[in-house]
2 protein chains.
Amino acid sequence: MERVPLERKVLNENDRIAADLRARFQEQGTLCLNFISSPGSGKTSLLERTLSSLPKGERVAVLTGDIQTENDANRLKRYGFPVKQITTGGTCHLDARMIERHLADWPLEDLDLLFIENVGNLVCPSSYDLGEEAKIVLLSVTEGEDKPLKYPSIFFKSQLMILNKVDLLPYVPFNVNAAVENARKVHPGIEIVKVSCLKGNGLDEWLIWLEKKRQAQKEKQPAAVR
Amino acid sequence: MERVPLERKVLNENDRIAADLRARFQEQGTLCLNFISSPGSGKTSLLERTLSSLPKGERVAVLTGDIQTENDANRLKRYGFPVKQITTGGTCHLDARMIERHLADWPLEDLDLLFIENVGNLVCPSSYDLGEEAKIVLLSVTEGEDKPLKYPSIFFKSQLMILNKVDLLPYVPFNVNAAVENARKVHPGIEIVKVSCLKGNGLDEWLIWLEKKRQAQKEKQPAAVR
């Protein structure tokens, strides 16, 4: 059984395409963010809140992945920005080739911001580079504060942890300090923002983080293209 | 890239070991249940509630899977029954070989009931038969009622859906009827029990389901061994 070498081959191929995507994003000054979490932690809700806060003219688009259904794309299209559903049909993660293919008819020079909502899975998506500038992991307070220790790879690789559903803190056994400590054990430099996508708490802080990243991405763009 | 044939080879090998495990479970009258859900839906809490309700002399054991940490085994050991942690070290699911290996020093004739808590992942574990009598999927009301449609494989393959955290229904946008309808769209025959592992609601109904299954498993045992 030559499982490991084959997996490596698949990942090498993925990394090659992802590096190519990353170069194109940087060339065009497009900030690409890859949102990863368990099913139901609030990725789509966070994107709904974010899209609804952006001025209509913003050059923003979303690719949203699921195994089945177009539900998320339908929810996100209501905000007036281009959205495409990537239906993986069983595959537990998005890969760089799916992103490349779904971007084929979206000229990147028209995009300042590309959100990728991954398949709901705290494990497998962490192995697939999509060319993003940053991975963002969502954890909701209903999931338990030990998740960063149990699923370390995605917390290690994410620049930002969004702790969602803080409105439920009075009703669930969840120790915020322990969760933060666990995330920092795995990844000392991880940034953390606490929000409730249902009630709206903390979203300003997230939008400030996003704006800073957009500025930084613009500054990475080669002067000749700016 | 011969990815698909290789995956098939891995799954065929898994199915062979799982069939062997299933035959051994039936021979010994051991009821084996495989619990699958997203991270944090309450698999460990349900097992804690279940173990604490069983008389001390019951012949029950637990195998609990995680990518990292022994947290769940430590939580479950407090109830006085044998518990082993299977730490997969990155693998996103349990497979039949892991079960076979961890059962090597547990004589099945001493076990009436074997609980397997899978890695928290609503996708990949559904492809791996562990020789169980039934898969049980947990969905918590914080995850959204569309999950059966988005992750159909596990809802299709599970005999029972446990809808957990019903104590949070007043605080989250979740339509129980829609969730039930979605689960039945994917799997018309799925049984459904609604519980709160935190508050205790509905656990009697789960324990009755469990007892019925145990009786049925005993009846499958060849008369000679009974």
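Residues numbered from 1 in each chain as written. Chains lettered and ligands numbered in written order. Predicted model: local features only at pLDDT ≥ 70, side-chain atom pairs only at ≥ 80, totals over all residues. Heavy atoms only, no water.

A. Just the overall build of chain A, in detail. Regarding its fold elements, chain A presents 8 helices and 7 strands. Computed over its C-alpha atoms, the radius of gyration of chain A comes to 17 Å, within 12% of the 17 Å expected for a compact globule of 226 residues. Projected onto its principal axes, the C-alpha coordinates of chain A cover approximately 55 × 50 × 35 Å. In chain A, which comprises 226 residues, the share counted as buried stands at 58%. Counting contacts in chain A only where the partners sit at least 6 residues apart, residues at least 24 apart contribute 72% of the total. Approximately 9200 Å² of chain A is accessible, and the part contributed by carbon and sulfur atoms is 49%. Between the centroid of the 31 positive side chains of chain A and the centroid of its 31 negative side chains there is a distance of 2 Å. (Helix = DSSP H or I, 4+ residues; strand = E, 2+ residues; numbered from the N terminus. Rg over C-alpha atoms; globule rule 2.2 N^0.38 Å. Buried < 20%, exposed > 50% of the residue type's maximum accessible area, 1.4 Å probe, protein only. Contact = heavy atoms within 4.5 Å. Areas by Shrake-Rupley, 256 points an atom, 1.4 Å probe, with all protein chains shown as cover. Lys, Arg positive; Asp, Glu negative; His and termini not counted. Charge placed at Lys NZ, Arg CZ, Asp CG, Glu CD.)

B. Quick look at the interface of chain B and chain A. Every contact between the two is made by 39 residues of chain B and, on the other side, 39 residues of chain A. Of the roughly 3300 Å² buried between chain B and chain A, counting both surfaces, carbon and sulfur atoms make up 65%. Summed over the shared surface of chain B and chain A, the result is 4 salt bridges. Residues Asp-72 of chain A and Lys-150 of chain B are paired through a salt bridge, measuring 2.8 Å at the closest nitrogen-oxygen approach. At the surface where chain B touches chain A, the tally comes to 7 residue pairs in polar contact (both at pLDDT 80 or more). For the side of chain B that touches chain A, the secondary-structure elements that each account for two or more residues are helix 1 (3–28), helix 3 (71–77) and helix 5 (147–150) of chain B. (Buried area = accessible area lost by both parts, 1.4 Å probe. Salt bridge = Lys/Arg side-chain N within 4 Å of Asp/Glu carboxyl O. Polar contact = N/O pair within 3.5 Å; in protein donor to acceptor, adjacent residues only side chain to side chain.)

C. Region of the structure containing the state of the cysteines. If you walk through the whole model with that rule in mind, you get 0 disulfides over all chains. With no disulfide of its own, Cys-92 of chain A lies 3.6 Å from the sulfur of Cys-124 of chain A, the closest cysteine sulfur. Residue Cys-92 of chain A is classed as buried on the basis of its relative accessible area, which comes to 13%. Unpaired in this structure, Cys-124 of chain B has its nearest cysteine sulfur neighbour in Cys-124 of chain A, at a distance of 3.4 Å. (Disulfide = S-S within 2.5 Å.)

D. The relation of the copies chain B and chain A, seen in detail. With an RMSD of 0.0 Å, the fit of chain B onto chain A corresponds to turning through 180° and sliding 0.0 Å along the axis. What the superposition gives is, in effect, a two-fold axis relating one chain to the other. Of all interface residues in chain B, 100% are interface residues in chain A too; the two copies therefore contact each other through one and the same surface. (Least-squares fit on C-alpha atoms with pLDDT ≥ 70 in both.)

E. Representation of the pattern of salt bridges in the model. Applying the stated criterion to the full structure yields 30 salt bridges over all chains. Salt bridges sharing common partners tie together Asp-66 and Asp-72 of chain A together with Asp-146, Lys-147 and Lys-150 of chain B.

F. Highlighting unusual backbone geometry. A positive phi is found at Lys-165 of chain A, a non-glycine position, where the angle reads about 65°. Along the chain, Lys-165 of chain A turns up in the loop between strand 6 (158–164) and helix 7 (176–186). A positive phi angle is found at Thr-69 of chain B, which is not glycine, with a value near 80°. Note on placement: Thr-69 of chain B falls in the loop between strand 2 (60–66) and helix 3.

G. The packing of helix 2 (residues 43–53) of chain A against helix 8 (residues 203–220) of chain A, seen in detail. Residues and elements named next belong to chain A. It is at 11 Å that the axes of helix 2 and helix 8 come closest, and there the two elements cross at 70°. Taken together, the axes of helix 2 and helix 8 lie roughly perpendicular to each other. For the pair formed by helix 2 and helix 8, the contact residues are Leu-46, Arg-49, Thr-50 and Ser-53 on the first element and Leu-203, Trp-206, Leu-207 and Leu-210 on the second. Grouping the amino acids of the contact of helix 2 with helix 8 by side-chain chemistry returns 5 nonpolar, 2 polar and 1 charged. (Axes fitted to C-alpha atoms, helices over the stretch in contact; angles between N-to-C directions. Parallel < 35°, antiparallel > 145°, perpendicular 65-115°, else oblique. Nonpolar A, V, L, I, M, F, W, Y, C, P; charged D, E, K, R; others polar.)

H. Seen up close, the sheet that holds strand 4 (residues 113–117) of chain A. Residues and elements named next belong to chain A. Strand order across the open sheet formed by 7 strands is 3-2-4-1-5-6-7, with parallel pairing between neighbours. At either end of the open sheet lies a strand with only one pairing partner, and these are strand 3 (83–87) and strand 7 (191–194). The mean inter-strand angle of the sheet, taken between neighbouring strand axes irrespective of direction, is 20°. Of the strand pairs in this sheet, strand 5 (residues 134–140) and strand 6 are connected by 6 bridges, and their pairing is parallel. In the strand pairing of strand 6, Ile-136 is matched with Leu-160. Across the sheet, helix 4 (residues 96–103) touches strand 2 (60–66), strand 3 and strand 4, and the angle it forms with strand 3 is around 140°. This element, helix 8, spans strand 1 (31–36), strand 4, strand 5, strand 6 and strand 7 of the sheet and lies at about 140° to strand 1. (Pairing = 2+ DSSP bridges.)

I. Spatial organisation of helix 8 (residues 203–220) of chain B. Residues and elements named next belong to chain B. With 18 residues, helix 8 should reach 26 Å at 1.5 Å per residue; the first-to-last C-alpha distance of 26 Å fits that figure. Every buried residue of helix 8 is listed here: Leu-203, Trp-206, Trp-209, Leu-210, Lys-213, Arg-214 and Gln-217. Looking straight down helix 8, one finds that the buried residues subtend no more than 140° of arc, so they occupy a single side. Helix 8 presents Asp-204, Ile-208, Lys-212 and Glu-219 as exposed residues on the side facing more than 90 degrees away from its buried surface. (Expected span 1.5 Å × (residues − 1). Arc of directions from axis to C-beta.)

J. View of the pairing of strand 7 (residues 191–194) of chain B. All names here are of chain B. In the sheet, strand 6 (residues 158–164) pairs with strand 7 via 4 bridges, with the strands oriented parallel. Bridge assignment links Met-161 to a residue of strand 7, and that residue is Ile-192. Taken together, strand 6, helix 7 (residues 176–186) and strand 7 constitute a β-α-β crossover, and its handedness is right-handed. (Right-handed = clockwise from strand over helix to strand, strands pointing away.)

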